[in-house]
Amino acid sequence: MPELMPYDRQAAVWYAHRWAYSRNPRFYDFEEIGGDCTNFASQCLYAGTGVMNYTPTFGWYYINGNDKAPAWTGVPYFFNFMTREEASPGPVGLEANPEMLLPGDFVQLRFTNDRYGHTPIIVEIGDPPTLGNILVAAHSQDADYRPLDTYHYQEIRFIHILGAYPQQGPPQVSPPPEEPKPPFLPPWPIFWPT
């Protein structure tokens, strides 16, 4: 079994801050065709791992808006890929409780239907973690530093990223996200209605 590579959480969070209120032109914006939240989550995760899995259908990769794995943009597929037991290339994690969470981990929310439908990235977390001090960034309802308790949802689950299994064989060519930059911190406080 290949050894896990470390996950650069700081790079993932910096990427989240950089692109929370805009779109990286290297990636298609799926906002008008189902939402962009998991695409954004995947971009953040890729910024922290640098490894994709090019397995057709069941992998986790992005080449362009028409050539990507379902797990790159689909909420349930993202969860299934990240929590897989197989040691295949790409990031891997586990379903977690709030006490296990760190910045760079992910939240999934189920609103009114039977499926989870939103994937924000955790950018900051208090101690002890509560829904009021777990802050997220997201697309599709663009947000940064948004407390989880400002969402109205029916069910919530968390994904703690353990690291990434390395790519094996010849490297694949894909457009890498822009290099992470230090986070943009607005000069004003951000308040979310409760």
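If you're wondering where the values come from, they're calculated on a predicted model, not measured in any experiment. Residue positions are given per chain, counted from 1 along the sequence in the order it is written. pLDDT decides what is reported in this predicted model: residues at 70 or higher carry local features, side-chain atom pairs at 80 or more are listed and counted, and totals for whole chains, interfaces and linings draw on all residues regardless. Calculation of side-chain values draws on the structure's entire complement of heavy atoms; hydrogens and water are dropped beforehand.

Trainee: Quick rundown of the overall build of the protein chain? Include the residues and the values.
Mentor: Scanning the protein chain for helices and strands turns up 4 helices and 8 strands. Starting at the N terminus, helices and strands are each numbered in turn, a helix being any DSSP run of H or I of at least four residues and a strand any DSSP run of E of at least two. Along the protein chain, helices and strands appear, N-terminal first, in the series α-α-β-β-α-α-β-β-β-β-β-β. Accessibility here uses a 1.4 Å probe with only protein chains present; expressed as a share of the type maximum, an area under 20% marks a residue as buried, one over 50% as exposed, and anything in between as partly exposed. For the protein chain, the proportion of its 194 residues judged to be buried stands at 48%. Partitioning the contacts of the protein chain with sequence separation of at least 6, the portion at a separation of at least 24 is 65%. Pairs of residues are marked as contacts when any of their non-hydrogen atoms sit within 4.5 Å.

Trainee: Can you explain unusual backbone geometry? Please cite residues and give values.
Mentor: One can expect most non-glycine residues to show negative phi and most peptide bonds to be in trans. Cis peptide bonds are those with omega within 30 degrees of zero, and the linkage from Asp-127 to Pro-128 qualifies with 0°. Positioned with a positive phi, Gln-141 is a non-glycine residue whose angle comes to about 75°.

Trainee: Outline the nonpolar core, supporting the account with residue identities and numerical values.
Mentor: Ranked by internal contacts, the top residues of the largest apolar core, which has 34 residues, are Phe-40, Leu-45, Trp-60, Met-82, Phe-106, Ile-121 and Val-123. In this structure, Leu-101, Ile-134, Val-136 and Phe-158 belong to the second largest nonpolar core, which totals 11 residues. Each nonpolar core is a collection of buried residues, namely Ala, Val, Leu, Ile, Met, Phe, Trp, Tyr and Cys, held together in the definition by side-chain atoms within 4.5 Å.

Trainee: Give me the lowdown on empty space enclosed by the protein, citing residues and values where you can.
Mentor: Method remark: on a 1 Å grid restricted to protein atoms, a set of points is classed as a cavity if a 1.4 Å probe fits but cannot get out and as a pocket if it is open with protein on both sides within 12 Å along at least five of seven lines; lining residues have an atom within 4 Å of a point. Grid points are joined across faces, edges and corners, and a volume is the space filled by probe spheres set on the points. Scanning all chains against the criterion turns up 1 cavity of 30 Å³ or more. One number sums up the size of the largest cavity: a volume of about 30 Å³. Every residue lining the largest cavity is listed: Arg-23, Asn-24, Phe-27, Tyr-28, Asp-29, Asp-36, Asn-39, Gln-43 and His-139. Of the residues contributing to the lining of the largest cavity, the split by class is 2 nonpolar, 4 polar and 3 charged. For this classification, the nonpolar set comprises Ala, Val, Leu, Ile, Met, Phe, Trp, Tyr, Cys and Pro, the charged set comprises Asp, Glu, Lys and Arg, and every other residue, Gly included, is treated as polar.

Trainee: Residues and numbers for helix 4 (residues 75-82), please.
Mentor: With 6 of its 8 residues buried, helix 4 lies for the most part within the structure. For helix 4, every residue scored as buried is listed here: Val-75, Pro-76, Phe-78, Phe-79, Phe-81 and Met-82. Where the residues of helix 4 are buried, they touch helix 2 (37-49), helix 3 (70-73), strand 3 (90-96), strand 4 (106-110) and strand 8 (155-165).

Trainee: Go over the pattern of salt bridges, please, and point to the residues and values.
Mentor: Salt bridges are counted wherever a side-chain nitrogen of Lys or Arg sits within 4 Å of a carboxyl oxygen of Asp or Glu. Within this structure, the stated rule accounts for 6 salt bridges. Among the salt bridges present, the one from Asp-29 reaches Arg-23, with a minimum N-O distance of 3.4 Å. For Arg-23, a relative accessible area of 25% puts it in the partly exposed group. Each of Arg-23, Asp-29, Glu-31, Asp-36 and Asp-142 takes part in salt bridges that share partners, so that together they form one network.

Trainee: Give me the lowdown on the pairing of strand 4, citing residues and values where you can.
Mentor: The element strand 4 is largely enclosed, with a buried count of 5 among its 5 residues. Residue alternation in strand 4 divides its side chains into two sets, Phe-106, Gln-108 and Arg-110 and Val-107 and Leu-109, and both sets are buried. Where strand 4 and strand 8 come together, 5 bridges link them in antiparallel fashion. In the strand pairing of strand 8, Phe-106 is matched with Ile-159. By this definition, two strands are paired if DSSP reports at least two bridges between them.

Trainee: Describe helix 1 (residues 9-19), listing the residues and the values that go with them.
Mentor: Here helix 1 lies mainly inside the structure; 8 of its 11 residues are buried. Considered for burial, the residues of helix 1 that qualify are Arg-9, Ala-11, Ala-12, Val-13, Tyr-15, Ala-16, His-17 and Trp-19. Along its buried surface, helix 1 packs onto helix 2, strand 5 (121-125), strand 6 (134-138), strand 7 (143-147) and strand 8.

Trainee: So, the packing of aromatic side chains: which residues are in play, and what are the values?
Mentor: Only rings of Phe, Tyr and Trp enter the pairing, Trp through its six-membered ring, and a pair is recorded when the two centres are within 6.5 Å. The plane angle decides the type: under 30 degrees is stacked, over 60 is edge-to-face, the rest tilted. Taken as a whole and judged by the stated rule, the model has 10 aromatic pairs. With a centroid separation of 6.4 Å and an interplanar angle of 45°, the aromatic rings of Tyr-15 and Trp-19 are classed as tilted. One end of the pair, Tyr-15, and the other, Trp-19, are both in helix 1, 4 residues apart, so they sit about a helical turn from each other. Residues Tyr-15 and Trp-19 agree in their burial class; the two are buried. Ring centres 5.8 Å apart and planes at 35° place the aromatic pair Tyr-62 and Trp-72 in the tilted group. Pair noted here: Tyr-62 is in strand 1 (residues 62-64) and Trp-72 is in helix 3, with a separation of 10 residues, a long-range link. No difference in accessibility class separates Tyr-62 from Trp-72, as the two residues are buried. Connected via pairs of aromatic rings, a cluster forms that spans Phe-27, Tyr-46, Trp-60, Tyr-62, Trp-72 and Phe-81.

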